[in-house]
Amino acid sequence: MAHGTVLNTGIASVNFASLGDSVLRQRTVRAMVYELALAYGIAVLANINLRHGIWCLLYAMFSSGTFLYTILAYVVGLGVLTLHSMLCYVERVPGNGGFARLQRLLRSPERTLLVMLWYMFSANIMLFAHRVVMGGSVSRMWLYPEGFYGAPQLNPAWLASGALATASGLAYAVHMMADERLQLSFPMIEQGRVYAFKDRIPESFLKVVRFARRSIAWFWPVYFVTGWMVYRGACAVIGRIMRTSSYAVGNPLLSPSAIGFWLYSGTLTVLVWELTHQLYEVITTQPTRINEMSRDSNMCLVNGLKHTGNPLVQHLAFQELYRLAMFRPAQRAELLTDIDRSSGSMWSQVSKECLAVVETARAQLAAQNADVAKPKVDAVKPKATTTALSSGNAPMGDILRRGGRPKPEEPQLQPPLPSGLIGGYNVPPKATSLDLFGPEAQGFEKYVLTKLRDMLVQSPLGTKLLARTPQASSLAVFGNFQQQVWAVRSVMRLVEASLTEDSYGVVQGDLPGILATILGYLSELERCVSQRQGPAVVRGEFVVQATERQAHAMIQVLRNVLYAFVVSFYDYLASLKLTPEVAQQLQAFVNFQA
Amino acid sequence: MNSYRVATTFEQCGLRPPSTESVTVGESDMKFIQLKNGDDTSLLQYVQDGGIAFPHILVPEALKLRTAQSAVSKESILLQSELNNTNSVAGATAADSNGSAVATFVNSVLWLWNIKQHASTFTDQRRLDLLRLAESCMPAPVARIVLGSVNGTASAALAAQMEAEEAEGQRSIMTNIEGPISCIAWHPHRSLIAVAHRATDTVLLYDLANDTWCANILENVHMQGITSMAWQPCNGYTLAVGCRSGVCLWKLLPGAPASGYNSAQSATAPSLAWMSLLSFPPLPDVSESALHSNQLIPRSSTSVSALAFAPDGQWLITGHQTHGHLTVWDTALETATPLRRSGSTSRAATLSISVSPSGSYVASTHANNQLRLWETESWGSRVWSDFPANVSQLVWSPDSRSAFFSVVNSSSIFALAVYMGPPTLEVDISVVSTFEGHATTAVDDATESIRVGGAIRSLALDPTGQRLVAGFDADATSSDVTLLAAYMVNTAPLFRAGGDAHVLSPLGYIRGPNWGKQQKPHADDNGDGQPAEIITQVGLPAPVWFGFAPTFEPGALLTVAWASGKVSFVPMMFNGAK
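Everything numeric in this text was worked out from a predicted model, so none of it was measured.

Asker: Just give me the short version of the overall build of chain B, but keep the residues and values in it.
Answerer: A count of helices and strands for chain B gives 6 helices and 36 strands. In chain B, buried positions account for 54% of the 578 residues. Put simply, 52% of the contacts in chain B that link residues at least 6 apart link residues at least 24 apart. Of the roughly 24100 Å² of accessible surface on chain B, a fraction of 53% belongs to carbon and sulfur atoms.

Asker: Run through the packing of helix α7 (residues 193–241) of chain A against helix α8 (residues 256–285) of chain A, naming residues and quoting values.
Answerer: All names here are of chain A. Put simply, α7 and α8 touch, their axes get as near as 8 Å, and they point 145° apart. In this structure, the crossing between α7 and α8 has a hand that is right-handed. When grouped by side-chain class, the residues that make up the contact of α7 with α8 number 19 nonpolar, 4 polar and 5 charged.

Asker: Which residues make up the confidence of the model for chain A, and what are the values?
Answerer: Mean pLDDT over chain A works out to 77, with 74% of the residues at or above the 70 mark. Here residues 1–8 of chain A is modelled with pLDDT under 50, and outside its nearest four sequence neighbours on either side it reaches 14 contacts, counting other chains as well.

Asker: How would you sum up the sheet that holds strand β20 (residues 371–375) of chain B? Please name residues and give values.
Answerer: All names here are of chain B. Taken in spatial order, the 4 strands of this open sheet run β18-β19-β20-β21, and their pairing is antiparallel. With one partner strand each, in any of the chains shown, β18 (350–355) and β21 (381–384) form the two edges of the open sheet. The mean inter-strand angle of the sheet, taken between neighbouring strand axes irrespective of direction, is 15°.

Asker: Tell me about the UniProt feature "transmembrane region" (unreviewed entry) in chain A, and please be specific about residues and values.
Answerer: Residue and element names in this part refer to chain A. Following the UniProt record, one finds the feature "transmembrane region" (unreviewed entry) at residues 36–61, 67–90, 111–134, 154–174 and 217–241. Here residues 36–61 runs as 65% helix and 0% strand, with 14 Å between its end C-alpha atoms. Helix makes up 100% of residues 217–241 and strand 0%, and the two end C-alpha atoms of the span are 35 Å apart.

Asker: Can you explain the pairing of strand β35 (residues 555–562) of chain B? Please cite residues and give values.
Answerer: Residues and elements named next belong to chain B. With 8 of 8 residues buried, β35 lies mostly within the body of the structure. In this structure, strand β34 (residues 543–548) lies alongside β35, joined through 5 bridges in antiparallel fashion. Within β35, the residue paired with F548 across the bridge is L558. Between β34 and β35, which follow one another and run antiparallel, lie 6 residues.

Asker: Could you give an account of helix α6 (residues 156–178) of chain A, with specific residues and numbers?
Answerer: Helix length check: α6(A), at 23 residues, gives a terminal C-alpha distance of 32 Å against a target of 33 Å (1.5 Å per residue), a fit within 8%. Looking one or two residues beyond α6(A), the residue adopting positive phi is A:E180, at roughly 60°.

Cut-off values and rules
Residues numbered from 1 in each chain as written. Chains lettered and ligands numbered in written order. Predicted model: local features only at pLDDT ≥ 70, side-chain atom pairs only at ≥ 80, totals over all residues. Heavy atoms only, no water. Helix = DSSP H or I, 4+ residues; strand = E, 2+ residues; numbered from the N terminus. Buried < 20%, exposed > 50% of the residue type's maximum accessible area, 1.4 Å probe, protein only. Contact = heavy atoms within 4.5 Å. Areas by Shrake-Rupley, 256 points an atom, 1.4 Å probe, with all protein chains shown as cover. Axes fitted to C-alpha atoms, helices over the stretch in contact; angles between N-to-C directions. Left-handed = near helix turned anticlockwise from the far one by under 90°. Nonpolar A, V, L, I, M, F, W, Y, C, P; charged D, E, K, R; others polar. pLDDT = per-residue confidence, 0-100. Pairing = 2+ DSSP bridges. UniProt positions renumbered as here; feature names shortened; annotations may be inferred. Expected span 1.5 Å × (residues − 1).

If you want it as structure tokens, here you go:
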């Protein structure tokens, strides 16, 4: 559906998920078309040859090398799109420390392995193809000794480019997994997809340049030190299989042009990955108007909010509700006046779904706060030994025991659901508890992880790292952080709008309940922050205070909507029938002391 | 662009400016009350009529600050400003006076410290020279990529370029600022104003309800070169300060102790203040040395020149000093989304940003004479580039359907009328008033000739949309820039075809408090070696910032920061409530 178009004649279905699938399929096609343009642009960039002077760009645009490279980049790009549509997730796995990054790598080893394999493979293919396209001595796999008739020798440049491609692919895959790049980041504002993509390009280029700089800083020194040794080793292995020359064929490892070429080619490869990822994220997270496709748009929206099969679809529904509440007064008013339903008024259904998200988070946080408030018996226990760990009494055993879901015997990839961008969409690991390896651990993977566990827990550092901390469990509450933000802002915006748009007064009766939920969550968050934040440390003129970002951000969101409510309803606050506790909490906002 | 519905002039309405020795107290019955030479008859009459007289606030040129304790963390930079801490300067002085071994030791340490500082300065200077040389040999972006690890120095070259442009007469956000006050921000819901002090790069808070300065003085090593400020609506006491590092987002917790949030003390009591630094692109991690030394932060792509909040406080939009891109921030989540539409060079730097009261539109003006209007649903924009000079900040009417602005070196006031609601950008721009510079006599002294009018520098529109105030630019015509011209506003004719009603009707002049009488050499010194004739003149400070309080029941409350450091409040009573 064209952006900004409101359909007057809709479809009878109110199934948000099925309508969403058709939208996502259209987006798939668009992504493939845009990917082609992207691949062509990068191919032109790859084939610019300054020897052609001012015509170099024109030459690059129509050279055969460009078309070959376009095909290659397109195939690689499609691969990245497919992989990301299978593996990207919407729910956040919070934590940004070094250990949290390691956890993300280990949480789902199949996913990590798949991503690593794909990026290593595609990097090798890209570098190989670029070498073939560009030609020259770099492209020859075998070099013959000059002046002698003899067997060839492996071109060291091949080894270098292969090693670079493998290292680049590995590094990029680790970056994607550890830095949570596979977690879809929903935009704060809505822009056209072209602008949204264009605005991300500079950051993408910066990332790519940073990547190239790091490769210079890390890869090449290591390669120069160990490269020749590795090369001779490889030649020795090849010499066992086939006859190779015993004469020296030179050392192209020290060729500046070859190094420059590899660097250039590697950078372009990373550029293909990075821009494709940005394209995928822009297209997937762009706000939709799925509910407007249905004749019963309100019911369709509620259906989407209730949908639990695909987290992406549910997120899109909440995003749609948020945009409806913020920017579409006509639909907002329609939603507030839609009361003639057997299942209850639309407002009550929408608010129920939004408040359910908040209430779930509040209950989780309240339980965790209560745990923290209890006296810590474990703290006085003697340090666990390896024997104790294997019997399940140690922190590590505790972590694995809390896995939750029963595990199948054979290792298998989770089947993709049919609503992703291309092919499917994988359900993300639930962040209900911050397990080290997650419930997916099974079979061979379980064996490896167990070994790893044993190795880790034998060291004091490992025991310390793997202990379940209060901070870690509180972070798990914010797995659906974005959804919570949309739910809170949407419901409170609808409440504000009800001042003028709620003709039947359906909202007014729910106000005490809504305020109690929001204020209750705020109280739990403040308790969480006060209980868990460590002591401030004086450093020079400054005091260092570590904070929990998600908790602080959510506190800001809640305060913002509560202040907005107080400002809007200031003249009517006295007439609200609030419980004394809620009234007291709200009074702090009225006094601007919250 | 249309040019119709031009208002009648002040002279045609019989309005003449007050003499230089007068000061404006306020507006009552559509007339401005002027005081002169301590004659308080008018003031008495004004008060008897129900007028409110506000005392002036004086901000000194220099502030002697006591120590401030500040805080920084990986995720947010926090500051606690408490004035009652021990004064470290006094401690050092005491050590000096002890003499003998202690004094020798202290002197040795100081000597070593100075040597280290000199060496550090020398090294930095050489590195800067080297990088500038490199940047002169290759395109700036390439240089930034190659030498980008030293973010500050690459930016220093950009800053030098910016300063060179300023020297060439390019319009800059920093021009025309004089006196101790950079800018002022009214709290949207409370009687609290934040005053940015230019010399010390600090922010002072004044509580009008209690008529006193708050104990907190907001200061941080990152907060240098303050260009703009705004309070976040619907979020307690959160103040965004635009500076060279980006946006310093201060969260004040009134009366809160260091370990908690909830308290019910007055806003004037010493309170906890936390600061988060929002910079896009992100600045490198704050180093330990940076926290200890007050090193100068150069302008960079993160430097903010203008900022504004959405009316619901959910997002903040910033413009930058070295490029024309805007950045939209979700202040709760501290995430940034760039809007790259305008130019990427400092010639397109953002001069001002204003958000409409409904939050549906954002207007940004840029140093390349551009005016860009954005709608905030899908962030589409429309641009006007045919202005002869830079456009001043737009002031929106309360219904968000029209806005007023001026153009540098032009004596016209322009109106922008939005004909269709968002997200469409069906807009028309027209000239609604012109105030050509001319000489006239003072209203209370027929012998005194005053030159009024000329190029309009900036405008302010009151939140009810009934009063517009214009400030003038100092130009070759030497108009009296200390005068502000006030208009009555009626935006209805903008949306009516063929109407002959005026959009702006002259109301009167506003004059601020003068410096007092000053002696200075006569300008017509013939250079023959004879001492110049000393003349006595009344010092007239120019307004450096003016704007209206967000709410004022009797009408509108104009706040003017004068170059003398005085902040005056001019109430305009037109709502009938006395």
